[in-house]
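Observations on chain architecture
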Amino acid sequence: MGAAMLSELATEIVVPVCAVIGIAFSLVQWVMVSRVKLTSERHASSANSSKNGYGDYLIEEEEGINDHSVVTKCADIQNAISEGATSFLFTEYQYVGIFMIAFAILIFLFLGSVEGFSTKSQPCTYDKEKMCKPALATAIFSTVSFLLGAITSVLSGFLGMKIATYANARTTLEARKGVGKAFIVAFRSGAVMGFLLAANGLLVLYIAINLFKLYYGDDWEGLFEAITGYGLGGSSMALFGRVGGGIYTKAADVGADLVGKVERNIPEDDPRNPAVIADNVGDNVGDIAGMGSDLFGSYAESSCAALVVASISSFGINHDFTGMLYPLLISSVSILVCLITTLFATDLFEIKVVKEIEPALKKQLIISTILMTVGIAIVTWIGVPSSFTIYNFGVQKVVKNWQLFLCVGVGLWAGLIIGFVTEYYTSNAYSPVQDVADSCRTGAATNVIFGLALGYKSVIIPIFAIAISIFVSFSFAAMYGIAVAALGMLSTIATGLAIDAYGPISDNAGGIAEMAGMSHRIRERTDALDAAGNTTAAIGKGFAIGSAALVSLALFGAFVSRAAITTVDVLTPKVFIGLIVGAMLPYWFSAMTMKSVGSAALKMVEEVRRQFNTIPGLMEGHAKPDYATCVKISTDASIKEMIPPGALVMLTPLIVGTFFGVETLSGVLAGALVSGVQIAISASNTGGAWDNAKKYIEAGASEHARTLGPKGSDPHKAAVIGDTVGDPLKDTSGPSLNILIKLMAVESLVFAPFFATHGGLLFKIF
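Everything numeric in this text was worked out from a predicted model, so none of it was measured. (Residues numbered from 1 in each chain as written. Predicted model: local features only at pLDDT ≥ 70, side-chain atom pairs only at ≥ 80, totals over all residues. Heavy atoms only, no water.)

A look at the pairing of strand β4 (residues 395-400)
We count it as follows: In this analysis, strands are considered paired if DSSP registers two or more bridges between them. Going along the chain from the N terminus, every DSSP run of H or I of four or more residues is numbered as a helix, and every run of E of two or more is numbered as a strand.
Pairing geometry for strand β3 (residues 387-392) and β4, over six bridges, is antiparallel. If you follow F388 over to β4, its bridge partner there is V399. In textbook terms, the turn of a hairpin is the stretch between consecutive antiparallel strands, and for β3 and β4 this stretch comprises two residues, one of which, F393, has a positive phi near 50°.

A word on the pattern of salt bridges
Selection rule: Note on definitions: salt bridges are taken to be side-chain nitrogens of Lys or Arg within 4 Å of carboxyl oxygens of Asp or Glu. Buried means the residue's accessible area, taken with a 1.4 Å probe over protein chains only, is under 20% of the maximum for its type, while exposed means over 50%, and partly exposed covers the values in between.
For the structure on display, the rule yields 25 salt bridges. Between E174 and K177 there is a salt bridge, and its shortest N-O distance comes to 3.4 Å. Of the residues examined, K177 reaches a relative accessible area of 29% and is grouped as partly exposed. For R242, the salt bridge identified is with D294, shortest N-O distance 3.7 Å. On the criterion of sequence distance, the pair formed by R242 in helix α7 (residues 220-263) and D294 in helix α8 (residues 276-311) is long-range, its members being 52 residues apart. The exposure classification of R242 matches that of D294, with both residues buried.

Some remarks on the packing of helix α12 (residues 357-383) against helix α13 (residues 401-426)
Let me state the cut-off plainly: Lines fitted to the C-alpha atoms define the axes, with helices restricted to the stretch that makes contact. Angles between their N-to-C directions range from 0 to 180 degrees. Geometric relationships in this document are graded by angle, where less than 35 degrees denotes roughly parallel, more than 145 denotes roughly antiparallel, 65 to 115 denotes roughly perpendicular, and other angles denote oblique. Between two residues, a contact is recorded if the distance between any of their heavy atoms is within 4.5 Å.
Contact geometry for α12 and α13: axes closest at 9 Å, N-to-C directions at 175°. One element, α12, and the other, α13, form an angle in the roughly antiparallel class. Where α12 abuts α13, its residues E358, K362, L365, I366, T369, I370, M372, T373, I376, A377 and T380 lie against N401, L404, F405, V408, L412, W413, L416, F420 and E423.

Some thoughts on helix α20 (residues 627-641)
We count it as follows: In a helix, the anticipated span is given by 1.5 Å times the number of residues less one. What qualifies as a polar contact is a pair of N or O atoms within 3.5 Å, subject to a donor-acceptor requirement within protein and to the restriction that residues adjacent in sequence count only when both atoms come from side chains.
Its 15 residues give α20 an end-to-end C-alpha distance of 21 Å, which sits within 8% of 21 Å, the value for a rise of 1.5 Å per residue. Every buried residue of α20 is listed here: Y627, C630, V631, I633, S634, T635, A637, S638, I639 and E641. Sitting at the amino-terminal end of α20 is D626, which places a side-chain oxygen 3.4 Å from the backbone nitrogen of A628.

With respect to helix α24 (residues 714-750)
What counts is decided by this rule: Note on bend: the value at a residue is the angle between axes fitted to the seven residues ending there and to the seven starting there.
If you check α24, its first and last C-alpha atoms are 54 Å apart, about what 37 residues at 1.5 Å a residue would give, namely 54 Å. In α24, a bend of some 35° at G726 exceeds every other bend along the element, and P728, a proline, comes one to four places later. Burial analysis of α24 places 33 of its 37 residues in the buried class, which makes it a mostly covered element.

Looking at the environment of S303
Topologically, S303 is positioned in helix α8. The spacing of S303 and V384 is 81 residues in sequence and 16 Å in space, taken between C-alpha atoms. Not counting the four nearest positions on each side in its chain, S303 is found in contact with L205 and L487.

Some details on the state of the cysteines
Defined as follows: Counting rule for disulfides: a pair of cysteine sulfur atoms within 2.5 Å.
Here the structure, examined in full by the defined rule, presents zero disulfides. As a non-bridged cysteine, C338 has C18 as the owner of its nearest cysteine sulfur, 12 Å distant. Residue class for C338 comes out buried when judged on its relative accessible area of 1%.

Some remarks on the side chain of T341
Its location among the elements puts T341 in helix α11 (residues 326-348). The exposure class of T341 is buried, given its relative accessible area of 0%. Among all residues touching T341, those that are not within four sequence positions of it are Q364, I367, S368, L371 and T495.

Some points on the packing of aromatic side chains
Basically, it comes down to this: Classification of ring pairs rests on two measures: the distance between centres of Phe, Tyr or Trp rings, Trp counted by its six-membered ring, which must be within 6.5 Å, and the angle between planes, read as stacked under 30 degrees, edge-to-face over 60 and tilted in between. Think of it as a cone above the ring: NZ of Lys or CZ of Arg counts as a charge over the ring if it is within 6 Å of the ring centre and within 35 degrees of the ring normal.
Tallied over the full model, the rule gives 28 aromatic pairs. Their ring planes at 20° and their centres at 6.1 Å tell us that F344 and F349 sit as a pair that is stacked. When its relative accessible area of 54% is taken as the criterion, F349 is described as exposed. One Lys or Arg, R170, reaches over the ring of Y166 and ends 3.8 Å from the middle of that ring. Stacked on the ring of F321, the Lys or Arg K213 has its end atom at 4.5 Å from the ring centre.

Description of the pairing of β3
Across the six residues of β3, six count as buried, placing the element largely inside the fold. Of the two faces of β3, the one holding S387, T389 and Y391 and the one holding F388, I390 and N392 are both buried throughout.

Concerning the confidence of the model for the protein chain
To keep things clear, this is the line we draw: On a range of 0 to 100, pLDDT expresses the predictor's confidence in each residue.
Per-chain confidence: the protein chain averages 87 in pLDDT, with 95% of residues scoring 70 or above. Here helix α2 (residues 46-52) is the element of the protein chain with the lowest mean pLDDT, 37, and helix α15 (residues 444-457) is the one with the highest, 95. Here residues 41-66 is a poorly scored stretch, pLDDT under 50, and it has 41 contacts once near neighbours within four places are set aside; other chains count.

See the structure below:
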């Protein structure tokens, strides 16, 4: 079969070094962002004033507005947003921490009971002649890796939120120098999150594998089965982060829009609106912390799925450590590729005008994909033998290294296709969104109809891209091929997250400009940054959903192998009932999350109306609204409402596997995957299209847009209603569904030994 050119020692060095480079690069970006000061030094010496970077030049730029008061206002608003976001996440993490400990105990008890908590070695699952470590060891190490994954996921979300709230006011202040300067601050801040998350995820997984190896030794089957807990921990935290953050942000957003824009006819981020701080906090806890945890979960799960399949293939049997860590080598080279790509946006090319923003962000995706294709080719050539075998439902399938390269490559390019299709259907530069905006002429009803039709249609090409990826990767390398295809789609995660985090940072920057009373010219610049960020956020969601489909299928394959199921026959009643129930679950989950947003928004609308009606001088701008009450409403509602959807996802595999067995559970997983992907794509794109249709009318950049405006016109009000309906679709239900399908699959894989041994209680009784 041959051996890899890259030695085991070189692999041991390359992976952690690349992770450390990623962390170092993110810190360098943070230092550069921190150079923009949030304190005014007008009363200090003139020397200090010039060092601050905000001398007479900025006062002239700001057209006579006092520099000191503007900077102070920006700092105060940023502090309020940061405190609100930190307070919410700490409250959320207290609840999530209790769940984390309870579920860790559950993992230990379920997996430990497989062999009656025996400490004796047992015959290996796939090679009965060999002896493997006891099931109790798998229970202990799976619990530890679950906790590691959960903590890393929580940390990823929290650090992302901190850098976003650190950078938003700095982006606003830089917008006074020009749109290019503001873009660089927002993008660098996003890069801090992207590289920290990618590098931390890789480093923690690498360290966990090496530490577990000290105990497991040659039992790689047991070692990598225990490592799957890492993916489960990452995704379970992401679920609560996504659902909780999504409910928070949309409750505030809907409340602010309905009362502020539609009823009171004031701008979106007007400081008179009591929900405005809660709305800006929501952008960070939903789109930043939630998305960070979500993509970390996808990365962890695709890596774990690939490692589990590889451990029972020739890499595991022959103890080829370099071949075994091929998924980690891809992630390592991706950090270097994304680092080079980032320099194109921040150092090599400068944005001078508004129309260059969106192309610059799209170039990031294209450059990273092209460079990553070369990187994958090099890693596959030096890190994988020319020929090897992959476990494929009971038999070993021979695979060539060039076939493995194609598996990763097809996932990588499918991700780019999904990204650009998403952009086409959600950017107001193209006809689909312009048609939705045009439909607002006849009211909100036609706007809603056009938006729904757009969302359903936008599913077609991404599904074909995913289908082709699955066919090619499975044909070449079975379930391992699908796992590395998912990894390929996620290989540009650092760049993807930088682009994604850039959006909420720019959105916050616009809000701060409005609240600080900055000139219309500054607000136009931040709006331009935000409009580009809206589209890139939709692209990020497209990546997350596409990769979730591949990850779920790879985990499904690993589960079927581990549970010793040779074929999944849909004509068997046990499987078919699972299939139809599984297909229903995304609808049930969406109903829960949508209703949660509605309930929370109702309380927010009532509170905002109350303040406008009872606080004298609020509408005239003489009195200050009570922001804290609105922040508390969003926090309380999201914490309370995130528990039922989370429980549905976490308990379903446990109940089905325990009472109905592995065959019914395989049907549930397949059904949830098939329907979940469709709903997630259509929900995200419908919501994104409605949002950008509203912005298209507000910006009035073309003759067509001006005929629909201005703000406050009937078409604009219809567009606001469409955007309000779409908000929970694109920021709560849609993005959370990809976690549902991944999480159920990885949970089933972790508990597979228990289900295979003790599952199907009802069928045993009857």
